[in-house]
Amino acid sequence: VYRGLASVAPPPGARALVVGDGTVALLAVRLLRLWSPAEIVLLGRRPAQAGLAEAAGAARFETDPGAAGGGYDLVVEAAGATGAVLTALAAARRGGTVLLLGLPPHGATAAVPVDDLVNNDLTIRASFGYTSAAWRQVVTLLNAGLLSLAFLVTHRFPLTEWAAALDTLRDPDPPGPRGKVLLDLTP
């Protein structure tokens, strides 16, 4: 996520929309704050994620694309679904940037209205993975106390309850917020 954001270098004061409400999206919201945006909105599909979105630093959490609005300088697609890519492209302002971080299933395609891309003068960038330089920068931010990611851990299980931890991960619609699921290895 850091590498992708650094590659588009959002200018201070930019309006940003993050599409998705999973770990990648929440990381995108938290890391976007490093570039001093004027506003970060998170557009998700699970209302239970609203508290995590706020903890990450989103000014608003929306579940309806119409309520999230459009005209964003930067839109980060972090859901990994082709529909989310189309939502991201539609939410960017003319001359805006769309950063694709979500990873849809292999071979998934989206019917993109190419004339809209050209007419809206959009910049599209995709990023997956990290470099050793990006890793060093994130570790430096963590060590300096400039980046805290503890809010992402929403579930903790002792190692003896590993099956329950996996069930929590597999639940497509958990009853509450879900970030990272942690197995505690301490005795």
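Going by the structure above, here's the rest.
Every residue gets a number counted from 1 within its own chain, in the order that chain's sequence is written. The model is predicted, so local features are restricted to residues of pLDDT at least 70 and side-chain atom pairs to those at 80 or more, both for listing and for counting; the totals for chains, interfaces and linings are taken over all residues. The basis for every side-chain value is the complete set of heavy atoms in the structure, and neither hydrogens nor water enter the calculation.

Visitor: Would you explain the pairing of strand β7 (residues 153-158) in this entry?
Guide: Every regular strand shows the same layout, with side chains that alternate between the two sheet faces. Direction of pairing for β7 relative to strand β8 (residues 180-184): parallel, over a ladder of five bridges. Residue pairing for β8: Val 153 is matched across the bridge by Lys 180. With respect to chirality, the unit in which β7 leads through helix α8 (residues 162-170) into the neighbouring parallel β8 is right-handed. Paired strands, as defined in this entry, are two strands with at least two bridges between them according to DSSP. The way it works is that DSSP assigns letters per residue, a run of H or I at least four long becomes a helix, a run of E at least two long becomes a strand, and they are numbered from the N terminus. Handedness rule for crossovers: strands pointing away from the viewer, path from the first strand over the helix to the second running clockwise, crossover right-handed.

Visitor: Where do I start with the nonpolar core in this structure?
Guide: The tendency in soluble globular proteins is for nonpolar side chains to be buried as a group. The biggest cluster of nonpolar side chains holds 30 residues, and the ones touching the most others in it are Leu 5, Val 18, Leu 32, Leu 42 and Val 76. Sort the elements by how many residues they give to this core and helix α2 (residues 23-32) lands first, with seven residues. The residues touching Val 76, leaving out its near neighbours within four places in the chain, are Leu 5, Leu 17, Val 18, Val 19, Ala 28, Leu 32, Leu 99 and Leu 101. In this structure, Ala 68, Tyr 72, Ala 84 and Val 98 belong to the second largest nonpolar core, which totals 16 residues. Here, nonpolar core refers to any group of buried Ala, Val, Leu, Ile, Met, Phe, Trp, Tyr and Cys residues whose side-chain atoms link them within 4.5 Å. Each residue is assigned to one of three classes by its accessible area relative to the maximum for its type, calculated with a 1.4 Å probe on protein chains only: buried under 20%, partly exposed between the two thresholds, exposed over 50%. Whether two residues are in contact is decided by their heavy atoms, any of which lying within 4.5 Å being enough.

Visitor: Please clarify how the environment of Trp 135 should be interpreted in this entry.
Guide: Considering the arrangement of structural elements, one finds Trp 135 in helix α7 (residues 132-143). By relative accessible area, which is 52% here, Trp 135 ends up exposed. For the pair Trp 135 and Ala 108, spaced 27 residues apart in sequence, the C-alpha separation works out to 29 Å.

Visitor: Where do I start with unusual backbone geometry in this structure?
Guide: Phi is mostly negative for residues that are not glycine, and the peptide bonds are mostly trans. The phi angle at Ala 9 is positive, at roughly 40°, despite the residue not being glycine. By the element assignment, Ala 9 lies in the loop between α1 (2-8) and β1 (15-19). Since its relative accessible area comes to 45%, Ala 9 is described here as partly exposed. Even without glycine at this site, Ser 36 takes up a positive phi of about 55°.

Visitor: I tried to follow the packing of aromatic side chains on my own but got confused; where do I start?
Guide: How two aromatic rings sit relative to each other is set out by the distance from centre to centre and by the angle between their planes. Each pair of aromatic rings taken from Phe, Tyr and Trp, with Trp reduced to its six-membered ring, is defined by centres within 6.5 Å and is described as stacked if the planes are under 30 degrees apart, edge-to-face if over 60, and tilted in the remaining cases. Tallying each qualifying case throughout the model produces two aromatic pairs. Taking the centre distance of 5.8 Å and the plane angle of 40° together, the rings of Tyr 2 and Trp 35 count as tilted. Highlighted residues: Tyr 2 in helix α1 and Trp 35 in the loop between α2 and β2 (39-43), separated in sequence by 33 residues. Between the aromatic rings of Tyr 130 and Trp 135, the centroid separation amounts to 5.4 Å while the plane-to-plane angle is 35°, which identifies the pairing as tilted.

Visitor: Explanation requested: the pairing of β1 in the structure shown.
Guide: Most of β1 sits out of view: four of its five residues are buried. Note that β1 and β2 share five bridges and pair parallel. The residue bridging Leu 17 from the neighbouring strand is Val 41, located in β2. Handedness of the crossover joining β1 and β2 through α2: right-handed. Sheet topology note: the β1/strand β4 (residues 72-77) ladder contains four bridges and is parallel. Looking at the pairing, Ala 16 lines up with Leu 74 of β4.

Visitor: Whenever I open this one, the sheet that holds strand β5 (residues 92-100) confuses me. Can you help?
Guide: In sheet architecture, strand pairing relies on hydrogen bonds along the backbone and comes in two forms, parallel and antiparallel. On the basis of which strands lie adjacent, the open sheet formed by six strands has the order β3-β2-β1-β4-β5-β6 and parallel pairing. Since the sheet does not close on itself, it has two edges, and those belong to β3 (60-62) and β6 (123-126), each with one partner. Neighbour to neighbour, the strand axes of the sheet diverge by 20° on average, direction disregarded. The sheet contact formed by β2 and β3 spans three bridges and is parallel. When the bridges of β3 are listed, Val 41 appears paired with Arg 60. An axis is simply a line fitted to the C-alpha atoms; with a helix, the fit covers only the stretch in contact. Between two such axes, the angle follows the N-to-C directions and lies from 0 to 180 degrees. Contacts from helix α5 (residues 82-91) reach β1, β2, β4, β5 and β6 within the one sheet, and its direction differs from that of β5 by about 150°.

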